[in-house]
Amino acid sequence: MPVKILATGDIHIGKKSSGLPAETEEIATKHTWMRLVDLAINNQFDALLLTGDIVDRDNRYFEAIGPLQTGFNKLKTAEIAVFIIAGNHDFDVLKQVVNTSEYDNIHVLGAKGNWEVKSFTANEEEVRFVGWSFPKRYMHTDPLEQLEINGSDLPTIGLLHAELDTPDSRYAPVKTENLLSHPVDAWILGHIHKPSAIPEHRPFVLYPGSPHALSAKEQGKHGPLQITVESKNDIRIEQIPLSPVRYETLSIDISNARDEEILRKLVMDNINRCKEQNKTELAEVRHLVFDIILYGEHPASNDIEKWMATIRDDFYLV
Ligand SMILES: [Mn+2]
């Protein structure tokens, strides 16, 4: 039987998606955290990996402590192991929230910036996790310089909160080639909110991205990764769409929009096409937010603006 792992990062509990009415319940990330916990339990995952910035720095602790403890308790009851590393947002709060003596199923890896290796067994299959946690808010050097691990026959999964191939980053600048020089079969990273496309090559190096899209900068599909470990050479990874909010951009040629009705139909057609193209990924999406870019030549751009304002108001109420 394979080991089933759910992996995500950058939940930023305490934040809400922008561009939506503030009173809308599910746009707060704490709800997505609880849905992640339920997903792990209902789909019988063996372990949950969290790659840092689980708690948002600006809203930390007060908003986060309740939902985190509720989630950790549910995971403990379900006997699901949790492996966490701290990011630049939660380097100093995780240890306050996670009193590990209370939760023997929760493991904060690599505290104080010291790499740590932990093995985990489920379904008679053993997996090795190697992780490093942010020790402070800024980290100007590459944490991989401190990593020493032996090769192993065990499937090895690395957890790291870092910024790839950006040498002057304040958030643990790491080179992809350095990641690949260590005996790790899959690197699961945190910090970047846009999920990576799952690569063909091995080892895997990827960002799960935020499971809950927070702003128009975080477009497209968002959700955790399902990592199925059959053996060292047989690791499958797929992304599960989970975010209740999805942001998209539409570019619409308005050259032939002679009146408001034509413009409205153009906008509708583009929205419907986008929904059709992404149908299978929209099951969990409650709010689709569009950035609409109008282009083309039109004799009365003032009219276009006026019509567009009416159309926008009509949609906002949906
Ligand atoms: Mn970060």
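Here the structure is a predicted model, which is why all the values come from computation and not from measurement.

### Regarding the overall build of the protein chain
Scanning the protein chain from N- to C-terminus turns up 6 helices and 15 strands. For the protein chain, whose C-alpha radius of gyration is 22 Å, the value lies close to the compact-globule estimate of 20 Å for 318 residues. Expressed as lengths along the three principal axes of its C-alpha atoms, the size of the protein chain is roughly 70 × 40 × 40 Å. Counting over 318 residues, the protein chain shows a buried share of 39%. Taking as baseline every contact in the protein chain between residues at least 6 positions apart, the subset at least 24 positions apart corresponds to 72%.

### Looking at unusual backbone geometry
Leave glycine aside and you will find that most residues have negative phi; peptide bonds, for their part, are mostly trans. Cis geometry is adopted by the peptide bond preceding P203, which originates at R202 and carries an omega value of -10 degrees. Of note, P203 is situated in the loop between β10 (186-190) and β11 (204-206). One non-glycine residue, H12, lies in positive phi territory at about 50 degrees. Note that H12 resides in the loop between β1 (3-8) and α1 (29-42). With a phi close to 115 degrees, H191 is a non-glycine residue in the positive phi region.

### Focus: α1
With 14 residues, α1 extends 20 Å from end C-alpha to end C-alpha; this agrees with the ideal 20 Å at 1.5 Å per step. Of the positions making up α1, those classed as buried are T29, K30, T32, W33, R35, L36, V37, L39 and A40. After α1 finishes, the residue Q44 shows a positive phi value of roughly 50 degrees.

### Side note on the domain arrangement of the protein chain
Entries for the protein chain in the domain assignment read domain 1 (3-239) and domain 2 (246-316). The straight-line distance from the C-alpha centre of domain 1 to that of domain 2 is 36 Å. Among the residues forming the side of domain 1 that touches domain 2, the class breakdown is 4 nonpolar, 2 polar and 3 charged.

### Section: the packing of helix α5 (residues 260-277) against helix α6 (residues 301-316)
To describe two helices that pack against each other, one gives the angle between their axes and the distance between the axes. Viewed as axis vectors pointing N to C, α5 and α6 meet at an angle of 55 degrees, and their least axial separation amounts to 10 Å. Here α6 runs oblique to α5, going by the angle between their axes. Both α5 and α6 take part in a crossing whose hand is right-handed. Residues E260, L263, R264 and V267 of α5 form the contact with α6, whose participating residues are I304, W307, M308, T310 and I311.

### Section: the sheet that holds β10
Read across the open sheet, the 5 strands follow the order β5-β6-β7-β10-β11; overall the sheet is mixed. The sheet is open, and its two edges are formed by β5 (116-122) and β11, each paired on a single side. For this sheet the average axis-to-axis angle between neighbouring strands, irrespective of direction, equals 20 degrees. The sheet contact formed by strand β6 (residues 125-131) and strand β7 (residues 156-161) spans 4 bridges and is parallel. Opposite F129, over in β7, you have I157 as the bridge partner.

### Quick notes on the nonpolar core
Within soluble globular proteins, side chains that are nonpolar tend to cluster in buried spots. Formed by 64 residues in total, the largest nonpolar core has its most connected members in L48 and V82. Of the residues forming this core, the biggest block, 5 residues, is contributed by α1. Once residues within four sequence positions are removed from consideration, L48 is found in contact with L6, A40, L75, I80 and V82. Core analysis: the next-biggest nonpolar cluster, separate from the first, contains 6 residues, I27, L214, V245 and Y247 among them.

### Quick word on the packing of α1 against helix α2 (residues 62-77)
In contact at an axis separation of 10 Å, α1 and α2 are set at 5 degrees when each is read in the N-to-C sense. With respect to α2, the axis of α1 lies roughly parallel. Residues K30, W33, M34, V37, A40 and I41 of α1 form the contact with α2, whose own contacting residues are E63, P67, G71, K74 and L75. Along the lines of polarity and charge, the residues of the contact of α1 with α2 split into 7 nonpolar, 1 polar and 3 charged.

### Here we look at the pairing of β1
With 5 of 6 residues buried, β1 lies mostly within the body of the structure. When β1 meets strand β12 (residues 225-231), the two strands line up antiparallel, connected through 5 bridges. Among the inter-strand pairings, I5 is bridged to a residue of β12, identified as I227. Pairing geometry for β1 and strand β2 (residues 47-50), over 4 bridges, is parallel. Bridging across to β2, A7 finds its partner in L49. In the classification by handedness, the crossover that spans β1, the intervening α1 and the parallel β2 is right-handed.

### Regarding the pairing of strand β15 (residues 287-295)
Relative to β15, strand β14 (residues 245-253) runs parallel, the two being bridged by 9 bridges. Each bridged residue has a counterpart across the sheet, and for D253 the counterpart in β15 is Y295. What joins β14 to β15 is α5, and the crossover it makes is right-handed.

### Some points on α6
Between its first and last C-alpha atoms α6 spans 22 Å; for 16 residues at 1.5 Å apiece the expected length is 22 Å, and the two agree. Sparse coverage of α6 is indicated by the burial of 1 of its 16 residues.

Definitions and limits used
- Residues numbered from 1 in each chain as written.
- Predicted model: local features only at pLDDT ≥ 70, side-chain atom pairs only at ≥ 80, totals over all residues.
- Helix = DSSP H or I, 4+ residues; strand = E, 2+ residues; numbered from the N terminus.
- Rg over C-alpha atoms; globule rule 2.2 N^0.38 Å.
- Buried ≥ 20, exposed ≤ 12 C-beta atoms within 10 Å, placed from the backbone.
- Contact = placed C-beta atoms within 7 Å.
- Expected span 1.5 Å × (residues − 1).
- Domains from an automatic or database assignment.
- Nonpolar A, V, L, I, M, F, W, Y, C, P; charged D, E, K, R; others polar.
- Axes fitted to C-alpha atoms, helices over the stretch in contact; angles between N-to-C directions.
- Parallel < 35°, antiparallel > 145°, perpendicular 65-115°, else oblique.
- Left-handed = near helix turned anticlockwise from the far one by under 90°.
- Pairing = 2+ DSSP bridges.
- Core = buried A, V, L, I, M, F, W, Y, C linked by C-beta atoms within 7 Å.
- Right-handed = clockwise from strand over helix to strand, strands pointing away.

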